[in-house]
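# Residue-level structure breakdown
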Number of protein chains: 2
Amino acid sequence: MDVTYREAGCWLLERDGFLILTHKRPDGDTLGCAIALCKALRAQGKTAWLLPNEDATTLFTPYLDGVLAPADFRPEHIVAVDIASQGLFPASAQEWKDKVELSIDHHPSNEHFAQYNCVEPDKAACGEIIFALVQEWGSLTAEVALPLYVAVSTDTGCFMYSNTSPNTHRVAAQLMETGIDAAGVNKRHFRTKSYVRLRLEGRIMETMELHDDGQIALASITLADMAALHAREEDAEDIAAFTGQLEGVRTAVTIRELAPGECKLSVRTGAELNASKVCALLGGGGHAAASGCTVMGSVETAKAAILGAIRQVQKNG
Amino acid sequence: MDVTYREAGCWLLERDGFLILTHKRPDGDTLGCAIALCKALRAQGKTAWLLPNEDATTLFTPYLDGVLAPADFRPEHIVAVDIASQGLFPASAQEWKDKVELSIDHHPSNEHFAQYNCVEPDKAACGEIIFALVQEWGSLTAEVALPLYVAVSTDTGCFMYSNTSPNTHRVAAQLMETGIDAAGVNKRHFRTKSYVRLRLEGRIMETMELHDDGQIALASITLADMAALHAREEDAEDIAAFTGQLEGVRTAVTIRELAPGECKLSVRTGAELNASKVCALLGGGGHAAASGCTVMGSVETAKAAILGAIRQVQKNG
């Protein structure tokens, strides 16, 4: 059954003993929403905890103090935030997968898997929905506002991406008015990179191939590159977005050598080329602007294969 | 005489024939404000033009269509936007330097050099003042809102810097509601880098020295680096900010070899070290968090000199 954020708020106020779930490979939006909701519920006198998420990176550790459920917590009600489908539950949440009573989310692809579903796909971040709900309760303190600012800012690339709306900015203004250190959050999430990550980006620039007058970029990260820089998996996170910022590039391909003879390709395209069609030719798929596929072979083999696929889609549409 | 933005607005409505000045090495705030004010004045039936600024880079060319004063324009009134002092007038504006009747600015250091000065130092961008003024006129159309969005977003690093306030976000919300392509502006100004710039950043990472467990970064760009990458001066713009994003770095020094035997140093520091004191030891100066100096000698000489100066300030305060 679909509910509004007001109905969701009332449903929560009438109950107690909440366990809040986040999605696998959790980002700032799912964690920020869960932390904010947990703290706002506690301000209403409720018992609320987050289910620990085994995938959470240390980037979010500072926000998680005091909100992770102890092993012996027996919840009465299960709430999911920013989780579009049951396939996105982390391993730790598998036992609760079919027991979610309230789901709050902003993904257009949300599968309405809970008993009550509050889904607002026009919101850039799920944090905007939690904000509206918490504001009704009069619970917008700084300790609730900070994780909500993390949610809203990270899901919009600090108000940079095209999902950012006037509402996003208005929410940010009200969150800042509680006195939170928004600049500190921005520094941590948007203006800090590891030494290894920056070396990795430098390595990509050195080895990148440009085709078609610089409109196609073929970047690669080999196992040897990763080893030489002592890079960990997290240093390469979201590295596919890196070459997309290159002036003039319309199609950005990033090739990761996962094992000798196995390459994972990420393809980002502008409106004139469908990345999903390109990757489908190599057995992959995804969205029109961002897709992926796997090529068995060397990095050179992968480059030739993806260039061939791009040419074919350019020719035949 | 000091005036409010409302008084400035009335003053403008009572007059006609405006020439609008921008500061030397113009950024998005000064140009965005001038363009927006020019278009808003025209919407009020006025004649208004921008004085062409010889320092304006091509980054801003798309916004300047139709607003640059023809050579034969004889203004009746001179307005300055985002210009803190007469020392910041570009060469082209020298003849108007002592003739500015209205100055609108947000810099705390503004020298109130005009006949009427509207200075609001609590605003992150001068664009926030122009926004308030234009809104009073009811002139907030998309063509006025777009340059104001450029002004506000570029002066706050897309709402990332600590100068960003709740008002900044509320202004952004209202600008976006006119239907402007804010995401397009963000892509152009914050998510696009030239190939050469990215190679230059990679080169910095390769050659950078870290001291004191990674808390001090000494980066350098030699004449040979610039030549090898066919880099132009604009590719190195604001490059001093680059190593500041490195995780763990508290003091970031960027050394530019300007000529054989002449190095320009930019020093960025955290709260525990005064960059101005460090640079003063080498004949330079600036602000507590960002200063600069020149060292006559090789890059290696400059490195040794700045490390010595840092040690001395660390020791003696």
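Residues numbered from 1 in each chain as written. Chains lettered and ligands numbered in written order. Predicted model: local features only at pLDDT ≥ 70, side-chain atom pairs only at ≥ 80, totals over all residues. Heavy atoms only, no water.

Each helix and strand in chain A was counted, giving 10 helices and 11 strands. The C-alpha atoms of chain A give a radius of gyration of 21 Å, which matches the 20 Å a tight globule of 317 residues would have. Along the longest, intermediate and shortest principal axes, the C-alpha atoms of chain A span 60 × 40 × 40 Å. For chain A, buried positions account for 54% of its 317 residues. Residue pairs in contact within chain A that sit at least 24 positions apart in sequence constitute 65% of those at least 6 positions apart. Counting only carbon and sulfur atoms, one obtains 50% of the accessible surface of chain A, whose full area is about 13300 Å². (Helix = DSSP H or I, 4+ residues; strand = E, 2+ residues; numbered from the N terminus. Rg over C-alpha atoms; globule rule 2.2 N^0.38 Å. Buried < 20%, exposed > 50% of the residue type's maximum accessible area, 1.4 Å probe, protein only. Contact = heavy atoms within 4.5 Å. Areas by Shrake-Rupley, 256 points an atom, 1.4 Å probe, with all protein chains shown as cover.)

Let's shift gears to the interface of chain B and chain A. With 37 residues of chain B at the contact, the number on the chain A side is 37 residues. The junction of chain B with chain A conceals about 3400 Å² of combined surface from both sides, 65% of it contributed by carbon and sulfur atoms. Looking at the side of chain B facing chain A, the largest losses of area belong to Met160(B), His169(B) and Gln245(B), adding up to 20% of the total buried there. Across the pair Arg170(B) and Glu177(A) runs a salt bridge whose closest N-O atoms are separated by 2.9 Å. Between the two partners, chain B and chain A, sit 13 residue pairs in polar contact (both at pLDDT 80 or more). Only α5 (166-176), α6 (182-190) and α7 (195-207) of chain B provide two or more residues apiece to the side of chain B that touches chain A. Grouping the amino acids of the side of chain B that touches chain A by side-chain chemistry returns 18 nonpolar, 11 polar and eight charged. (Buried area = accessible area lost by both parts, 1.4 Å probe. Salt bridge = Lys/Arg side-chain N within 4 Å of Asp/Glu carboxyl O. Polar contact = N/O pair within 3.5 Å; in protein donor to acceptor, adjacent residues only side chain to side chain. Nonpolar A, V, L, I, M, F, W, Y, C, P; charged D, E, K, R; others polar.)

Next up on the list: the nonpolar core. The biggest cluster of nonpolar side chains holds 106 residues, and the ones touching the most others in it are Leu12(A), Leu37(A), Leu12(B) and Leu37(B). Non-local contacts of Leu12(A), meaning those with residues more than four positions away in its chain, are made with Phe18(A), Leu37(A), Leu41(A), Lys46(A), Val79(A), Leu102(A), Leu133(A) and Trp137(A). (Core = buried A, V, L, I, M, F, W, Y, C linked by side-chain atoms within 4.5 Å.)

Turning next to the relation of the copies chain B and chain A. For the pair chain B and chain A, the relating rotation is 180°, the translation along its axis is 0.0 Å, and the fit reaches an RMSD of 0.1 Å. With respect to symmetry, the two chain copies, as superposed, fit the operation of a two-fold axis. Across chain B, the rotation axis passes nearest the C-alpha of Gly202(B), at a separation of 1.9 Å. (Least-squares fit on C-alpha atoms with pLDDT ≥ 70 in both.)

Turning our eyes to something else, we now look at the domain arrangement of chain A. Structurally, chain A comprises domain 1 (5-190) and domain 2 (195-316). Spacing between the C-alpha centres of domain 1 of chain A and domain 2 of chain A amounts to 32 Å. (Domains from an automatic or database assignment.)

What follows concerns the side chain of His189(B). Residues and elements named next belong to chain B. Structurally, His 189 is set in helix α6. A distance of 2.7 Å separates a polar atom in the side chain of His 189 from a polar atom in the side chain of Tyr 63. Discounting chain neighbours no more than four positions away, the residues touching His 189 are Leu 59, Phe 60, Tyr 63, Val 150 and Thr 154.

Another aspect to go through is the sheet that holds strand β1 (residues 18-21) of chain B. All names here are of chain B. Ordered in space as β2-β1-β3-β4-β5, the five strands form an open sheet in which the pairing is parallel. The open sheet has two edge strands, β2 (48-50) and β5 (116-119), and neither has a second partner. In this sheet, neighbouring strand axes are inclined to one another by 20° on average, regardless of whether the strands run parallel or antiparallel. Bridge count between β1 and strand β3 (residues 77-81): four bridges; the pairing is parallel. The residue of β3 that forms the bridge with Leu 21 is Ala 80. Packing of helix α3 (residues 126-137) onto the sheet brings it into contact with β3, β4 (102-105) and β5, and relative to β4 it is tilted by some 120°. (Pairing = 2+ DSSP bridges. Axes fitted to C-alpha atoms, helices over the stretch in contact; angles between N-to-C directions.)

With that settled, the discussion passes to helix α4 (residues 142-155) of chain B. Residues and elements named next belong to chain B. End to end, α4 covers 20 Å across 14 residues, agreeing with the expected 20 Å (1.5 Å per residue, within 8%). In terms of residue burial, α4 counts as a mostly covered element, since 11 of its 14 residues are buried. Here α4 has its buried residues at Val 144, Ala 145, Pro 147, Leu 148, Tyr 149, Val 150, Ala 151, Val 152, Ser 153, Thr 154 and Asp 155. Buried residues along α4 sit against α2 (28-43), α3, α5 and α6. (Expected span 1.5 Å × (residues − 1).)

So, about the pattern of salt bridges. Following the criterion strictly, the structure yields 34 salt bridges over all chains and no others. With its nearest N and O atoms 3.2 Å apart, the salt bridge here joins Asp235(A) to Arg232(A). Residue classification places Asp235(A) among the buried positions, given a relative accessible area of 3%. Between Lys123(B) and Asp122(B) there is a salt bridge; the shortest N-O distance is 3.2 Å. Using a relative accessible area of 16% as the deciding quantity, one classes Lys123(B) as buried. What makes Asp122(B) exposed here is its relative accessible area of 54%. In the salt-bridge network here, residues are joined through shared partners; they are Glu120(A), Asp122(A) and Lys123(A).

Once that is clear, we can look at the packing of helix α7 (residues 195-207) of chain A against α7(B). Packed helices, taken two at a time, are described by the angle their axes make and the gap between the axes. Where α7(A) meets α7(B), the closest approach of the two axes is 8 Å, and the angle between their N-to-C directions is 130°. Considered as vectors, α7(A) and α7(B) are oriented oblique to each other. For the pair α7(A) and α7(B), the sense of crossing is left-handed. Along the contact surface, α7(A) presents Tyr195(A), Leu198(A), Arg199(A), Gly202(A), Met205(A) and Glu206(A), while α7(B) presents Tyr195(B), Leu198(B), Arg199(B), Gly202(B), Met205(B) and Glu206(B). (Parallel < 35°, antiparallel > 145°, perpendicular 65-115°, else oblique. Left-handed = near helix turned anticlockwise from the far one by under 90°.)

Look at helix α5 (residues 166-176) of chain A against α5(B): their axes get within 8 Å of each other, and the N-to-C directions meet at 165°. What the angle tells us is that α5(A) and α5(B) run roughly antiparallel. Seen from above, α5(A) lies across α5(B) with left-handed handedness. Only Pro166(B), His169(B), Arg170(B), Ala172(B), Ala173(B), Gln174(B) and Met176(B) of α5(B) make contact with α5(A), whose side of the interface consists of Pro166(A), His169(A), Arg170(A), Ala172(A), Ala173(A), Gln174(A) and Met176(A).

This part covers the side chain of Glu101(B). All names here are of chain B. With respect to the element layout, Glu 101 can be found in the loop between β3 and β4. Summary of buried charges: Glu 101 has no salt-bridge partner, and the nearest side chain of opposite charge, Arg 15, is 4.8 Å away. Those residues in contact with Glu 101, other than ones at most four positions away along the chain, are Trp 11, Glu 76, His 77, Ile 78, Ala 114, Gln 115 and Tyr 116. (Lys, Arg positive; Asp, Glu negative; His and termini not counted.)

A few words now on unusual backbone geometry. Residues and elements named next belong to chain B. With a phi angle near 55°, Cys 158 is a residue other than glycine that sits in the positive phi range. Along the chain, Cys 158 turns up in the loop between α4 and α5. Of note in the backbone geometry, Asp 212 takes a positive phi value of approximately 50° without being a glycine. One can find Asp 212 in the loop between β6 (209-211) and β7 (216-221). By relative accessible area, which is 32% here, Asp 212 ends up partly exposed.

Glancing now at the confidence of the model for chain A. Here chain A averages 95 in pLDDT, while 100% of its residues score no lower than 70. ipTM for the predicted complex: 0.91, alongside a pTM of 0.91. (pLDDT = per-residue confidence, 0-100.)

We now examine the sheet that holds strand β7 (residues 216-221) of chain A. All names here are of chain A. Sheet architecture is open: six strands sit in the order β6-β7-β8-β9-β11-β10, paired in mixed fashion. Both outer strands of the open sheet, β6 (209-211) and β10 (285-286), are each paired with one neighbouring strand and no more. Where strand β9 (residues 262-269) meets strand β11 (residues 290-296), seven bridges bridge the pair, whose relative direction is antiparallel. Considered in β11, the bridge of Arg 268 is made with Ala 290. Contacts between helix α10 (residues 299-316) and the sheet are confined to β6, β7, β8 (251-259), β9 and β11, with β7 contributing the most and set at about 155° to the helix.

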